[in-house]
Amino acid sequence: MSNLEAAPVEVACRASGAAGVEVLHPREVPLGGPRAIRVQRTLPQRRRSLVGAWCFVDHYGPVRARMDVAPHPHTGLQTVSWLFSGGVEHRDSAGVHAVIRPGELNLMTAGAGICHSEVSVGSNDLLHGVQLWVALPDSARDTGRDFAHYAPRPTLLPGASVRVFIGEMCGSRSPVHTFTPLIGAQIDLEPNAGVDIAVDAAFEHGLLCDVGPVAMGGTSLAVGDLGYQGPGESALHLRNLDDRPARVLLVGGTPFDEELVMWWNFVGRSHDDIAGYRRLWEDADDRFGAVTGYRGPVTRLPAPPLPTTRLLPRATPQRKDTRNDNR
């Protein structure tokens, strides 16, 4: 998925910690042209830009609207697509043509460069899901293009079910390859149910509330909120605060200690990296290849202008006393 902000800001990412559960509230951004659907973005933010290597979280729907995102580039990351309802057709410059369905993982590795398009299927389907990015470590950021598909089976727990699509948890292991230790899972909670889930204490975790409210470690999360729990905890304590079923998405991993610069759809390490990627995309360089079979109003998304100043690293501040301020 593309970041379609007209003037995207640079984000310099560094790991940071916080005690207890920190709540990140989303901001609304458009996705896709003049009749754009609206998405709720919880990562990156000024005060926290990473959860493990997860560096981008967009949450959208449920909405009866058409997604049509023309071919656009990525570098230095993996995209993770996960749907709750609807369907999205994916085409990329590695020659992959696939349809994303609810409960099925599509993971695309950009590495040194890829481009892809995303178009919803069905003219009146209810579209509802998340798009996430995972930053690649420096040792793998120039790896080749790749794509993986996986449909996990649910693991049943008292009061909950868990679908692990990345990593390992609750006795379930995903076969898809990642370049740093990660976890990604959908957790469905029965009405008023509470559950304790064993997790890797070396990981930091983020919990996105899709249907709620839900409590994470005693802290309430409204729909769209992302709860953050730092390393050192061996369990997630979750409770559905409603008499209807609830649903959350869990992401996590070992703290990512490399500094990143994110701008538009590129992940790099410096201003020069980003400027170079942008120039190559605008020049239709073979680094990104081309998508075949896309039929939309434009053939490819142009890159927005770079800021007039250099993209500079900026630390993610640790503000234990302002956990609910995401400005």
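Note that residues are indexed from 1 along each chain, following the sequence as it is written. Only residues with pLDDT of at least 70 get local features here, since the model is predicted, and only at 80 or more are side-chain atom pairs given and counted; chain-wide, interface and lining totals rely on the full set of residues. To obtain the side-chain values, all non-hydrogen atoms of the structure were used and water was disregarded.

Undergrad: What am I meant to see in the overall build of the protein here?
TA: Helices and strands together make up the secondary structure of the protein, namely one helix and 27 strands. Summary of the burial criterion: residues with accessible area below 20% of their type's maximum are buried, those above 50% are exposed, and those between are partly exposed, where the area comes from a 1.4 Å probe applied to protein chains only. Within the protein, the fraction of its 327 residues that count as buried is 56%. Excluding contacts between residues fewer than 6 apart, the proportion of contacts in the protein whose partners are at least 24 apart in sequence is 74%. We get accessible surface area from the Shrake-Rupley algorithm with a probe of 1.4 Å; when it comes to residues, only the shown protein chains can shield them. Carbon and sulfur atoms make up 48% of the accessible area of the protein, which totals about 13,200 Å². In this description a helix means any DSSP run of H or I spanning at least four residues, a strand means any run of E spanning at least two, and both kinds are numbered starting from the N terminus. Should any heavy atoms of two residues lie within 4.5 Å, those residues are counted as being in contact.

Undergrad: Would you explain the pairing of strand E25 (residues 246-253) in this entry?
TA: Each regular strand shows side chains that alternate between the opposite faces of the sheet. Most of E25 sits inside the fold, with eight of its eight residues counted as buried. Because side chains alternate across E25, one face comprises the buried residues Ala 246, Val 248, Leu 250 and Gly 252, and the other comprises Arg 247, Leu 249, Val 251 and Gly 253, equally buried. Two strands qualify as a pair provided DSSP detects at least 2 bridges between them. In this structure, strand E20 (residues 204-211) lies alongside E25, joined through seven bridges in antiparallel fashion. Bridge pairing in E25 links Glu 204 to Gly 253.

Undergrad: Would you mind showing me how to read a negative patch on the surface here?
TA: Only residues whose relative accessible area exceeds 30% and that form no salt bridge are eligible for patches; like-charged ones are grouped when within 9 Å, while nonpolar side chains (Val, Leu, Ile, Met, Phe, Trp, Tyr) are grouped when within 5 Å. Each salt bridge in this description consists of a side-chain nitrogen of Lys or Arg and a carboxyl oxygen of Asp or Glu lying within 4 Å of one another. By the counting rule applied here, Lys and Arg register as positive and Asp and Glu as negative, while His and the ends of each chain are not counted. Throughout, a charge is located at the NZ atom of Lys, the CZ atom of Arg, the CG atom of Asp or the CD atom of Glu. On the surface, Glu 282, Asp 283, Asp 285 and Asp 286 cluster together into a negatively charged patch. Checked against the element boundaries, Asp 286 lands in the segment after helix H1 (271-282). Of the residues examined, Asp 286 reaches a relative accessible area of 70% and is grouped as exposed.

Undergrad: Quick question: what am I supposed to make of empty space enclosed by the protein here?
TA: Unfilled space is identified by rolling a water-sized probe across the atoms. Whether a set of points on the 1 Å grid over the protein atoms alone is a cavity depends on a 1.4 Å probe fitting there but being unable to get out, while an open set qualifies as a pocket with protein on both sides within 12 Å along at least five of seven lines; lining residues are those with an atom within 4 Å of a point. Grid points are joined across faces, edges and corners, and a volume is the space filled by probe spheres set on the points. Across all of its chains, the model carries four cavities of 30 Å³ or more by this definition. When its volume is computed, the largest cavity comes out at roughly 50 Å³. If you list the elements that add at least two residues to the lining of the largest cavity, you get strand E7 (77-85), strand E10 (105-109) and strand E11 (114-120). Per element, the largest residue contribution to the lining of the largest cavity is three residues, and it comes from E10.

Undergrad: Please explain the environment of Ile 114 as it appears in this structure.
TA: By secondary structure assignment, the location of Ile 114 is in strand E11. When neighbours within four sequence positions are excluded, Ile 114 is seen to be in contact with His 72, Pro 73, His 74, Asp 92, Ser 93, Ala 94, Met 108, Thr 109, Arg 145, Arg 287 and Phe 288.

Undergrad: How do you make sense of the pairing of strand E26 (residues 260-263) when you look at a structure like this?
TA: Taking every second residue as pointing to the same face, both faces of E26 are buried, with Leu 260 and Met 262 on one and Val 261 and Trp 263 on the other. Here E26 folds back onto strand E27 (residues 266-268) in antiparallel fashion, the turn holding two residues, of which Trp 264 has a positive phi close to 50°.

Undergrad: What am I meant to see in unusual backbone geometry here?
TA: Glycine aside, the phi torsion of most residues is negative, and most peptide linkages are trans. Residue Pro 44 is bonded to the preceding Leu 43 through a cis peptide linkage, with omega at 0°. Mapping Pro 44 onto the fold places it in the loop between strand E4 (37-43) and strand E5 (54-63). A cis amide bond links Gly 61 with the next residue in sequence, Pro 62, at an omega value of 0°. In this fold, Pro 62 is placed in strand E5. Not every positive phi belongs to a glycine, and Cys 170 is a case in point at roughly 55°. Mapped onto the secondary structure, Cys 170 falls in the loop between strand E16 (168-169) and strand E17 (172-173). Cys 170 sits in the partly exposed class, given a relative accessible area of 25%. With a phi close to 50°, Trp 264 is a non-glycine residue in the positive phi region. Turning to its location among the elements, Trp 264 is positioned in the loop between E26 and E27. On the basis of relative accessible area, Trp 264 is assigned to the buried category, the value being 4%.

Undergrad: Hey, could you run me through the sheet that holds E11 in this one?
TA: Through backbone hydrogen bonds, the strands of a sheet pair up, either in parallel or in antiparallel fashion. Strand order in this open sheet of four strands is E6-E11-E8-E9, and the pairing throughout is antiparallel. If you trace the sheet from one side to the other, it starts and ends with strand E6 (68-74) and strand E9 (97-100), each paired once. Strand-to-strand twist of the sheet, defined as the mean angle between neighbouring strand axes without regard to direction, takes the value 20°. Here E6 pairs with E11 via five bridges, running antiparallel. Each bridged residue has a counterpart across the sheet, and for Val 69 the counterpart in E11 is Glu 118. Axis definition: a line fitted to C-alpha atoms, over the contacting stretch in the case of helices. Angles run 0 to 180 degrees between N-to-C directions.

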